[in-house]
Amino acid sequence: MARKMLIDGDLDNSNQGEPHYDFDLFVIGAGSGGVRAARVSAQYGAKVGICELPFHPISSEVVGGVGGTCVIRGCVPKKILVYGASFGPELEDARNYGWELNDKIDFNWKKLLHKKTEEIIRLNGIYKRLLSNAGVKLYEGEGKIVGPNEVEVTQLDGTKICYSAKHILIATGSRAQRPPIPGQELSITSDEALSLDELPKRAVVLGGGYIAVEFASIWRGMGSKVDLCFRKELPLRGFDDEMRAVVARNLEGRGINLHPRTNLTELVKTEKGIKVLTDHGEEIIADVVLFATGRMPNTKRLNLEAVGVELDKTGAVKVDEYSRTNVPSIWAIGDVTNRMNLTPVALMEGTYFAKTVFGGEPCKPDYNNIPCAVFCIPPLSVVGLSEEQAIEKAKGDVLVFTSTFNPMKNTVSGRQEKTIMKLVVDAETDKVLGASMCGPDAPEIMQGIAVALKCEATKAQFDSTVGIHPSAAEEFVTMRSVTRCVPKPKKNL
Ligand code: NDP
């Protein structure tokens, strides 16, 4: 193994009695969080190295790729497929707007896939350029921690090189996990679902989280028969119960077969396709079975136990409020810490890490009022507390305002699908504690509402805001009547 000691322009810190390092910071993993942390640290003057595996644009076998899960096999390709899937129902809606669509309309999956791959390759190039423009040195290979200040990078040809760094940042993200159901090897995860050779005519999706409802919507929008099986009464555990029911109704309204309270017991390969057996005795034949059953932190191959970095019971790296592990020179951000597994949160953690370590401004990420969206069709977007959380946390009674309406576009298209918006307010302080929306453009609208909640806006301030007419968004500032008041629960003495 080669030992890389000095690289061009290395910091000469040997005179100051400090050990000599190749880098001020070495980042393992060039996903959203790792790239952000590397670039911002470099802007503060740090000498930064980063390693990441190269990716194969078509094969889903190889993990890695500068840009990480979000860019290569997550948010970005998924959103492209959501756009692709949305045209189908939109074309149907266009008929009553005067569009004559008499000839057969074909959907070409391969074309969309090709366009998607082109875009991912473009973004991968942009991310690489962002790193080099910031002066960050990229190593294409797999990183492993071999000491509190040492990272070993194994390149594709098997060569191992060791780099020393004053600080090491783990930003290796997460990967899909599958439950051990007999025949599970016949299933795919979201990695493969984003690069299928053929559009499945019949798909079974297991899970009720983000990925499950998003892929169910994508395939259904493209015309596939979709069966969605999940363990609970409603999908999207953790979200506001009322909104979960709305999502379920909309998925069903768009033609997805929902199987609540359902587990899969076996997958069997047959001539007709994959036979999916459920614990309700059902048999569903599918071309593709997607397991969307959560993700696990990528810590297994990092050698963390050997250097004493503590993990929690899910295998995530344990960190303090500043993203520092129990080994003072080693830090971690993003999904690998399993705090709030969203790209913008990893970006925040990466920025705050750089400010803390190299910017001379210690700062802790703030996890309050983080908005998010589930890109099912139509999408759900929320910020702040659900009604259930508000009842637990509010100082006073909880006032719930809801608005359910037929979006103006549907009045002419004839689509039977209501939009619902909801605000939960603390009656004692008048503060808006949470907002939710399920309907077209919900994520675009919720981003602005998130600013209001971050500023601790009151319901009176929402009411005094003038609406934009005619829009769906204006409903957020015109909800005057309380739908219900949930009294503050009496605490047991
Ligand atoms: P989630 O954690 O959102 O959901 C996992 C789902 O799998 C749950 O419905 C869970 O059911 C179910 N599940 C878990 N184990 C089993 C099992 N053994 N048998 C049956 N069902 C099971 O995970 P996802 O995989 O959907 O997404 C991973 C993460 O990626 C998300 O949490 C999110 O942080 C991120 N993400 C964000 C997106 C966005 O911002 N739009 C899009 C996609 C992903 P139960 O509820 O019963 O436990």
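Residues numbered from 1 in each chain as written. Predicted model: local features only at pLDDT ≥ 70, side-chain atom pairs only at ≥ 80, totals over all residues. Heavy atoms only, no water.

K.L.:
How would you explain the overall build of the chain if you had to name every residue and give the values?
P.N.:
The secondary structure content of the chain amounts to 13 helices and 22 strands. Radius of gyration (C-alpha) of the chain: 25 Å, near the 23 Å computed for a compact globule of 493 residues. Expressed as a percentage of the 493 residues in the chain, the buried residues total 50%. In the chain, once contacts between residues fewer than 6 apart in sequence are set aside, the share between residues at least 24 apart is 62%. If you sum the accessible surface of the chain, you get close to 23600 Å²; carbon and sulfur atoms cover 53% of it. (Helix = DSSP H or I, 4+ residues; strand = E, 2+ residues; numbered from the N terminus. Rg over C-alpha atoms; globule rule 2.2 N^0.38 Å. Buried < 20%, exposed > 50% of the residue type's maximum accessible area, 1.4 Å probe, protein only. Contact = heavy atoms within 4.5 Å. Areas by Shrake-Rupley, 256 points an atom, 1.4 Å probe, with all protein chains shown as cover.)

K.L.:
Provide a residue-level description of the site of the ligand, including the pertinent values.
P.N.:
The full set close to the ligand counts 20 residues, and G208, R231, R237, N341 and A373 are the nearest of them. The separation between an oxygen atom of the ligand and a polar main-chain atom of G208 is 2.8 Å. One of the backbone nitrogen or oxygen atoms of A373 is found 2.8 Å away from a nitrogen atom of the ligand. Relative to its unbound accessible area of 910 Å², the ligand is 78% covered by the protein chains. (Near = heavy atom within 4 Å. Polar contact = N/O pair within 3.5 Å; in protein donor to acceptor, adjacent residues only side chain to side chain.)

K.L.:
Could you give an account of the sheet that holds strand β14 (residues 288-291), naming the residues involved and the relevant values?
P.N.:
If you trace the 4 strands from one edge of the open sheet to the other, you get β10-β9-β8-β14, paired in parallel fashion. Pairing within the sheet leaves two strands with one partner each, and these edge strands are β10 (257-259) and β14. This sheet shows a mean twist of 15 degrees between the axes of neighbouring strands, independent of strand direction. Note: strand β8 (residues 202-206) against strand β9 (residues 225-229), 5 bridges, orientation parallel. (Pairing = 2+ DSSP bridges. Axes fitted to C-alpha atoms, helices over the stretch in contact; angles between N-to-C directions.)

K.L.:
Can you explain the packing of helix α1 (residues 32-43) against helix α9 (residues 343-358)? Please cite residues and give values.
P.N.:
What describes two packed helices is the angle between their axes and the distance between those same axes. For the pair α1 and α9, the least separation of the axes is 8 Å and the interaxial angle reads 30 degrees. One finds that α1 runs roughly parallel with respect to α9. For the pair α1 and α9, the crossing hand works out as right-handed. Contacts from S32, G33, R36, A37, V40 and S41 of α1 reach α9 at T343, A346, L347, G350, T351, F353, A354 and F358. For the contact of α1 with α9, the class distribution of residues is 7 nonpolar, 6 polar and 1 charged. (Parallel < 35°, antiparallel > 145°, perpendicular 65-115°, else oblique. Left-handed = near helix turned anticlockwise from the far one by under 90°. Nonpolar A, V, L, I, M, F, W, Y, C, P; charged D, E, K, R; others polar.)

K.L.:
Outline the UniProt feature "binding site: FAD" (unreviewed entry) in the chain, supporting the account with residue identities and numerical values.
P.N.:
The sites that UniProt annotates as "binding site: FAD" (unreviewed entry) are K79, G143, T172, G173, S174 and D335. An extended arrangement is adopted by the annotated residues: their sequence extent is 257 residues, and the largest C-alpha distance between any two is 29.6 Å. Inspection of the secondary structure assignment puts S174 in strand β7 (residues 174-176). By relative accessible area, S174 is classed as buried at 8%. What S174 contacts, discounting residues up to four positions off in sequence, is T69, R295, M296, P297, N298 and D335. (UniProt positions renumbered as here; feature names shortened; annotations may be inferred.)

K.L.:
Would you mind going over the pattern of salt bridges in detail, with residue names and values included?
P.N.:
Applying the stated criterion across every chain, the model contains 27 salt bridges. As a salt-bridge pair, K115 and E118 come within 3.9 Å of each other at their nearest N and O atoms. Separated by 3 residues within a single helix, K115 and E118 lie in helix α4 (residues 109-133), roughly one turn from each other. The partner of E456 in a salt bridge is K431, with the nearest N and O atoms 2.8 Å apart. Here K431 lies in the loop between β20 (419-426) and β21 (432-438) and E456 lies in the loop between α12 (442-454) and α13 (459-463), a separation of 25 residues in the sequence. Here E456 falls in the partly exposed class, since its relative accessible area comes to 48%. Taken together, the shared-partner salt bridges connect D240, E242, E387, K422 and R484 into one network. (Salt bridge = Lys/Arg side-chain N within 4 Å of Asp/Glu carboxyl O.)

K.L.:
Residue-level account of the nonpolar core, with values.
P.N.:
Across soluble globular proteins, you tend to see nonpolar side chains buried next to one another. Judged by nonpolar contacts, the single largest core of 48 residues is most densely connected at W219, L228 and L380. In terms of residue count, the dominant contributor to this core is helix α6 (residues 210-221) (6 residues). If near-sequence neighbours (up to four positions away) are discounted, L228 is found in contact with V205, G207, A212, V213, A216, L251, I256, N257, L258 and H259. (Core = buried A, V, L, I, M, F, W, Y, C linked by side-chain atoms within 4.5 Å.)

K.L.:
Go over the packing of aromatic side chains, please, and point to the residues and values.
P.N.:
Under the criterion given, the structure shown has 10 aromatic pairs. With 5.6 Å between their ring centres and 70 degrees between their planes, F23 and F26 make a pair best called edge-to-face. Each member of the pair F23 and F26 is classed as buried. Between W331 and F353, the ring centres sit 5.4 Å apart and the planes meet at 70 degrees, which makes this aromatic pair edge-to-face. With W331 in strand β16 (residues 330-332) and F353 in helix α9, this residue pair connects regions lying 22 residues apart in the sequence. Pair check on accessibility: W331 and F353 agree, each one buried. By way of ring pairs, the aromatic residues F23, F26, Y139 and Y163 are connected into one cluster. One Lys or Arg, K137, reaches over the ring of Y139 and ends 5.3 Å from the middle of that ring. One residue, K459, lies across the ring of F401, its end atom 4.2 Å from the ring centre. (Phe/Tyr/Trp six-rings, centres within 6.5 Å; stacked < 30°, edge-to-face > 60°. Lys NZ or Arg CZ within 6 Å of the ring centre and 35° of its normal.)

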